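Analysis of the macromolecular model
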Amino acid sequence: MGIFTDGGRRDGRVRTSLVALAQDTGRAVAPLRIRADRAWEFQRQSVPRPLSTVRVVRGAPIAASVLTAAGIERARDMLQESLDALDDTQTSKAVPGGRDTRGDQGAWDAS
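None of these values were measured; they are calculated from a predicted model. (Residues numbered from 1 in each chain as written. Predicted model: local features only at pLDDT ≥ 70, side-chain atom pairs only at ≥ 80, totals over all residues. Heavy atoms only, no water.)

Here the focus is helix α1 (residues 16-25). Here α1 has its buried residues at L18, V19 and A22. Taken end-on, α1 shows its buried residues confined to a sector of 100°, consistent with a single buried face. Those residues of α1 that are buried are in contact with α2 (64-70) and α3 (72-84). Two residues or fewer past α1, G26 is found with a positive phi of approximately 75°. (Buried < 20%, exposed > 50% of the residue type's maximum accessible area, 1.4 Å probe, protein only. Helix = DSSP H or I, 4+ residues; strand = E, 2+ residues; numbered from the N terminus. Arc of directions from axis to C-beta. Contact = heavy atoms within 4.5 Å.)

Now for the side chain of S52. The topology assignment puts S52 in the loop between β3 (45-48) and β4 (54-58). With relative accessibility at 14%, the residue S52 sits in the buried group. Polar side-chain contacts of S52 include one of 2.7 Å to the backbone oxygen of R49. (Polar contact = N/O pair within 3.5 Å; in protein donor to acceptor, adjacent residues only side chain to side chain.)

Now for the confidence of the model for the protein chain. Do not read the fine detail of predicted coordinates wherever pLDDT is low. Per-residue confidence for the protein chain gives a mean pLDDT of 76; residues scoring 70 or more make up 68%. Here β3 stands out as the element of the protein chain with the lowest mean pLDDT, 83, in contrast to α2, whose mean of 94 is the highest. The low-confidence segment residues 94-111 (pLDDT under 50) makes 26 contacts with residues lying over four places distant or belonging to another chain. (pLDDT = per-residue confidence, 0-100.)

Looking at where E73 falls in the secondary structure, it is placed in helix α3. You can call E73 partly exposed: its relative accessible area is 49%. A sequence separation of 57 residues divides E73 from T16, and the C-alpha atoms of the two residues are 7.0 Å apart.

The subject of this paragraph is α3. The end-to-end C-alpha separation of α3 is 18 Å, in line with the 18 Å expected for 13 residues at 1.5 Å each. Along its buried surface, α3 packs onto α1, β1 (32-36) and α2. (Expected span 1.5 Å × (residues − 1).)

Dropping the structure here:
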């Protein structure tokens, strides 16, 4: 299941409701960062352009038991820190099996 952290406010901050959901379901939460090399910006949202390369980076899952033990606010901070750690230097790696559509390269990425 994927949950976008920005809710209706679009500020990219993790909500305490995500921590509560993890605690209620007993499921781990893994941070996920999605970026496109070319995108339109619309109301602080990024919409990938056609034929752009989309890069996905996933961080290590944080167990629900760890989040429960930390308490709501500290757990929210832990999730935010793990999401923030997935910066643009990590998203610069191509997704295995992805297609590089920039310039004349057009080759399938074998990394």
